[in-house]
Amino acid sequence: MHLSSVPRSAFRLPRLPAGALLLALLPPLAGAQQPDSTPKDTTTLAPVVVTGVRLPTVRELGRGLAGRTASLDARDLDARGVRSLADALEQLPGVTTSDELGATAQMDVSLRGFQVSPVIGVPQGVTVYVDGVRANEPDAHEVNFDLLPLEDVERVEVVYGPSVLLGRNALGASVNLVTRRGASPAARELEASAGSWGRYELKARAGARHGVWDYYVGARYEREGGWREDTRSRIGTLFAKLGLLNGSWDATLSYSGADNRIYQAGSLPESVAAANPRRNFTGGDYFAPRAHLVILNAQRLVGRTQLAINAFGRSLSSEQFNANFVGEDSRQRNATRIGGGAVQLSGKLPLGTRELRWLAGADADYEHVAVHIFAVPGGGSPDSLTESVRTNQVNAGAFAGVNLEVVPRLTATAAARYDWIRVPFEDLLDATQSGLHIFRRLSPRAGLTWSGGGGHEVFGSVSRGFRAPAIVELACADPQAACPLPFALGPDPALKPVVATTYELGWHVRVLQGRVDASADVYRTDVRDDIFFIASTVTGGYFQNIGATRRSGLELAFQWRGAAGVRAYANYGYTRATFETTATLATTRDAAGETVTPGDELPLVPRHRVNAGLAIPMLRPQGTETRVALMAGLDARYIGRQWLRGDEENVTRQLSDYVVADLSLTLTWRDFELRGAVRNLFDRSVFTFGTFAENATVPGSPVQRWLTPGLPRHVQVSVSSDF
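Because the structure is a prediction, the values reported are computed rather than measured.

What to know about the overall build of the protein chain
Phase 1 of the analysis: Across its full length, the protein chain holds four helices and 36 strands.
Phase 2 of the analysis: Per-residue burial over the protein chain gives 59% buried out of 723 residues.
Phase 3 of the analysis: Considering only intrachain contacts with a sequence separation of at least 6, the fraction spanning at least 24 residues in the protein chain is 67%.
Phase 4 of the analysis: Summed over its atoms, the accessible surface of the protein chain is roughly 26,800 Å², and 58% of this surface lies on carbon and sulfur atoms.

Digging into the pairing of strand E15 (residues 286–302)
Phase 1 of the analysis: In this sheet, E15 lies alongside strand E13 (residues 249–263) in antiparallel orientation, the contact comprising 13 bridges. If you follow aspartate 259 over to E15, its bridge partner there is arginine 290.
Phase 2 of the analysis: Taken together, the 17 bridges between E15 and strand E16 (residues 305–322) define a ladder with antiparallel strand orientation. Opposite tyrosine 286, over in E16, you have phenylalanine 321 as the bridge partner.
Phase 3 of the analysis: Here E15 folds back onto E16 in antiparallel fashion, the turn holding two residues, of which glycine 303 has a positive phi close to 65 degrees.

A few points about the sheet that holds strand E35 (residues 703–709)
Phase 1 of the analysis: If you walk across this open sheet you meet the three strands as E14-E35-E34, and the pairing is antiparallel. The open sheet has two edge strands, strand E14 (268–269) and strand E34 (687–694), and neither has a second partner.

Structural notes on the pattern of salt bridges
Phase 1 of the analysis: This structure, assessed with the given rule, holds 46 salt bridges.
Phase 2 of the analysis: Where arginine 551 meets aspartate 530, a salt bridge forms, and the shortest distance between an N and an O atom there is 3.0 Å. Note that arginine 551 is positioned in strand E26 (residues 540–561) and aspartate 530 in strand E25 (residues 516–537), a separation of 21 residues in sequence. The same class applies to arginine 551 and to aspartate 530, which are both buried.
Phase 3 of the analysis: A salt bridge links arginine 589 to glutamate 594; the nearest nitrogen and oxygen atoms lie 2.7 Å apart. Both residues of the pair, arginine 589 and glutamate 594, count as buried.
Phase 4 of the analysis: Several salt bridges share partner residues, and in doing so they unite Glu151, Glu189, Glu191, Lys203 and Arg205 into one network.

Considerations on the packing of aromatic side chains
Phase 1 of the analysis: Scanning the entire structure with this criterion turns up seven aromatic pairs.
Phase 2 of the analysis: Where tyrosine 216 meets phenylalanine 239, the ring centres are 6.0 Å apart and the plane angle is 55 degrees; that geometry is what we call tilted. Taken together, the positions of tyrosine 216 in strand E11 (residues 213–224) and phenylalanine 239 in strand E12 (residues 233–245) put the pair 23 residues apart, joining distant regions of the chain. Here the two residues tyrosine 216 and phenylalanine 239 agree in accessibility, since each one is buried.
Phase 3 of the analysis: Between tryptophan 669 and phenylalanine 672, the aromatic rings sit 6.3 Å apart at their centres with planes inclined by 20 degrees, giving stacked as the arrangement.
Phase 4 of the analysis: Take tryptophan 669: its relative accessible area is 40%, and that puts it in the partly exposed class.
Phase 5 of the analysis: Members of the aromatic cluster, each reached through a chain of ring pairs, are Tyr263, Tyr286 and Phe321.
Phase 6 of the analysis: In this structure, arginine 112 is placed above the aromatic ring of tyrosine 523, and the distance from its NZ or CZ to the ring centre is 4.1 Å.

Considerations on the sheet that holds strand E2 (residues 95–98)
Phase 1 of the analysis: If you walk across this open sheet you meet the three strands as E2-E3-E4, and the pairing is antiparallel. Looking at strand neighbours, the two that pair on one side only are E2 and strand E4 (114–116), the edges of this open sheet. Strand after strand, the sheet turns through a mean of 25 degrees between neighbouring axes, direction not considered.
Phase 2 of the analysis: Across three bridges, the pairing between strand E3 (residues 108–111) and E4 is antiparallel. Bridge pairing links leucine 111 to phenylalanine 114 in E4.

Description of the confidence of the model for the protein chain
Phase 1 of the analysis: The share of residues in the protein chain with pLDDT of 70 or more is 86%, and the mean pLDDT across the chain is 84.
Phase 2 of the analysis: Within the model, the stretch residues 1–50 combines pLDDT values under 50 with 234 contacts to residues more than four positions away or in other chains.
Phase 3 of the analysis: Scored below 50 in pLDDT, residues 485–492 makes 43 contacts in the model with residues more than four places away or belonging to other chains.

Quick notes on the nonpolar core
Soluble globular proteins: nonpolar side chains tend toward being buried together.
Phase 1 of the analysis: The biggest cluster of nonpolar side chains holds 63 residues, and the ones touching the most others in it are Leu85 and Val156.
Phase 2 of the analysis: Ignoring any residue separated from it by four or fewer positions in sequence, one finds leucine 85 in contact with Val128, Phe145, Leu148, Leu150, Val156, Val175 and Leu177.

A word on the pairing of strand E36 (residues 714–722)
Phase 1 of the analysis: Pairing between strand E9 (residues 187–195) and E36: seven bridges, direction antiparallel. Bridge assignment links glutamate 189 to a residue of E36, and that residue is aspartate 722.

Some words on the environment of serine 163
Phase 1 of the analysis: For serine 163, the location among the structural elements is in the loop between strand E7 (153–160) and strand E8 (173–179).
Phase 2 of the analysis: In this structure serine 163 touches Ala170 and Ser174, once residues within four positions along its chain are discounted.

Observations regarding the side chain of glutamate 201
Phase 1 of the analysis: Here glutamate 201 lies in strand E10 (residues 199–210).
Phase 2 of the analysis: Among the polar contacts made by the side chain of glutamate 201, one reaches the side chain of arginine 199 at a distance of 3.0 Å.
Phase 3 of the analysis: Among the polar contacts listed, one links the side chain of glutamate 201 to the side chain of arginine 220, at a separation of 2.5 Å.
Phase 4 of the analysis: Leave out the neighbours within four places in its chain, and glutamate 201 touches Glu151, Glu191, Ala192, Ser193, Arg220, Tyr221 and Glu222.

Some words on unusual backbone geometry
Phase 1 of the analysis: The peptide bond linking serine 184 to proline 185 adopts the cis configuration, its omega dihedral lying at 5 degrees.
Phase 2 of the analysis: Looking at the secondary structure, you find proline 185 in the loop between E8 and E9.
Phase 3 of the analysis: For tryptophan 197, which is not glycine, the phi torsion reads 60 degrees and is therefore positive.
Phase 4 of the analysis: Tracing the backbone through its elements, the reader meets tryptophan 197 in the loop between E9 and E10.

Notes on the environment of alanine 362
Phase 1 of the analysis: Within the fold, alanine 362 resides in strand E18 (residues 354–376).
Phase 2 of the analysis: Residue class for alanine 362 comes out partly exposed when judged on its relative accessible area of 33%.
Phase 3 of the analysis: Discounting residues that sit within four places of it in the chain, alanine 362 has contacts with Gly341, Ala342, Val343, Gly397, Ala398 and Phe399.

Thoughts on the environment of threonine 666
Phase 1 of the analysis: Counting through the fold element by element, threonine 666 comes out in strand E32 (residues 658–669).
Phase 2 of the analysis: In this structure, the C-alpha to C-alpha distance between threonine 666 and leucine 630, residues 36 residues apart in sequence, is 5.6 Å.
Phase 3 of the analysis: Residues contacting threonine 666, with those up to four places away along its chain left out, are Ala629, Leu630, Met631, Glu673, Leu674 and Arg675.

Thoughts on the side chain of asparagine 571
Phase 1 of the analysis: Checked against the element boundaries, asparagine 571 lands in strand E27 (residues 567–579).
Phase 2 of the analysis: Here glutamine 91 takes part through its backbone oxygen, which lies 2.8 Å from a polar atom of the side chain of asparagine 571.
Phase 3 of the analysis: For asparagine 571, the residues in contact, after removing those within four places along its chain, are Gln91, Leu92, Pro93, Leu556, Ala557, Phe558, Arg609, Val610 and Asn611.

Scoring rules and cut-offs
Residues numbered from 1 in each chain as written. Predicted model: local features only at pLDDT ≥ 70, side-chain atom pairs only at ≥ 80, totals over all residues. Heavy atoms only, no water. Helix = DSSP H or I, 4+ residues; strand = E, 2+ residues; numbered from the N terminus. Buried < 20%, exposed > 50% of the residue type's maximum accessible area, 1.4 Å probe, protein only. Contact = heavy atoms within 4.5 Å. Areas by Shrake-Rupley, 256 points an atom, 1.4 Å probe, with all protein chains shown as cover. Pairing = 2+ DSSP bridges. Salt bridge = Lys/Arg side-chain N within 4 Å of Asp/Glu carboxyl O. Phe/Tyr/Trp six-rings, centres within 6.5 Å; stacked < 30°, edge-to-face > 60°. Lys NZ or Arg CZ within 6 Å of the ring centre and 35° of its normal. Axes fitted to C-alpha atoms, helices over the stretch in contact; angles between N-to-C directions. pLDDT = per-residue confidence, 0-100. Core = buried A, V, L, I, M, F, W, Y, C linked by side-chain atoms within 4.5 Å. Polar contact = N/O pair within 3.5 Å; in protein donor to acceptor, adjacent residues only side chain to side chain.

Here you go:
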């Protein structure tokens, strides 16, 4: 009998990636790039800044458009040796990670109580972009973090709240990964690392600028045996970018590819998780994606107007094998082809004695998705096709924004986005099951920003965003016909789009030449018609709208950078995510279902989160750059208690709160760097995810708590060299 390693109240669907990775070792091997430099004699284009828009725009337009933003640069990522976007975002206030799949490369992220995850069925509320191209998958808006080119990222930009000007489907936040490009002087780097559980990794980078041209190439290959039984993984990525920077154009053409195979362990019954957390109930579950992504970005100044364009093509394929508790195992193969682009104009207009800064644009894309599901009877019998569906979705949108300094130091902003989304569904085995859904909506934003003296800034904003239901949600929304996992699709009753309205007030100060940076924000997001996956059985369920939910909270952040690399930071996030309506939900915990009432908290969203860190030089180079330097860093985080998925009415025991600390040491000499890191320094036993499911290994198959254990103490050592 095959036992499912992950009892799911959410789909674990293959996440639609495709293509091939050509992991050839690079001729000119690469080095960590500095932020792009712009020679004064080659261009008059404005530099790219964090603005909360999809494409670059003039610097001044950024004020007031984005509200609260955060940025992590390559130094922040390298200092912690992050392996995924989930790792990177953990440095920000109010961000929590969890591990439903039992795979370190596929963590879930909660930001302001909204989820972004590789797991289908989780209500996704965060949109992720790579150089302005949306990375959320078309089938259920999930994000495959293992496909993102994080090693080749110059900075990670986070825009909180509905991002009217970035794109569609963002409710809690948007994340944009800005990739590296070649700079002058040329840089090259080789890095090798090894660590616990047979993990090793090889990375190479190279980049340079020659006249008006620049290039960057990066490659990464990683293998790991896994700390739990049968959780080995292989990840390979390739990234290349060619840039042009002259007096007229600033343009880049980039390619990123990935070829991965990740084995997943999932959750365990609580008693087993406590006694033997390395256990894997069903060895053999795996996710194997391949991906290609080509992006063209270009911008040009025409008089006082800046033109920016974007075009992209994406090819993804994946295979997911699932061992199931009940019935046969399953295999799913997905194929996706996506193409689209955007055009944007921005500039200034005189308005009396002042200037009106404006932006307008449009974007569109076409998404072809094909899904084939096979039953795997085992015993040498061939797989049998059980589901074969496809969709050819079309998305189009237009957006505009303006801001004006109405009085000295006070800037008013207004922006809006209109979306038209066509989601057809075609059943290739039964044409009577086909259907079509169309969504249209206008999303506005308004705000005020006051820039005081001494580096202080205060802002207030109101914004609205929406997320159209994805094809999987639309096709599995009938409570009378629960979809078996992975899923069975059909033209079920239409779901309503999710609408989120955010009210936010914030303060930010940067003083002492930027060495001290502090901020405070309060927010409330009212969500109408939130979409939840309701688990009515261990292996089945359906999606439904929930009348109203709310996320509200407080975020505090402080950072100090001293001389010689000294750095200290501390963040606090308070998040209260609640149901604001009475609803009856199906749950595997109780055959009679559960009733949530206003004030019940959403699962897997801790109220409190604190993280802090300190980096100090233990040995400083003196007199010459060839001397040895040693830097030590300590990071710690506290995660509060959380309700388990399946206990939306908050009547059972919560996941325990926990504290985890990480230690790092970095030794540099000449062009060499040796870095050592110990994660979970004190080897704390923690559980980051919990749900309810039947335990078929116990007589009577009782419904029990299932938990996913967090990583125990582990070590990683790396050595790199610039040349």
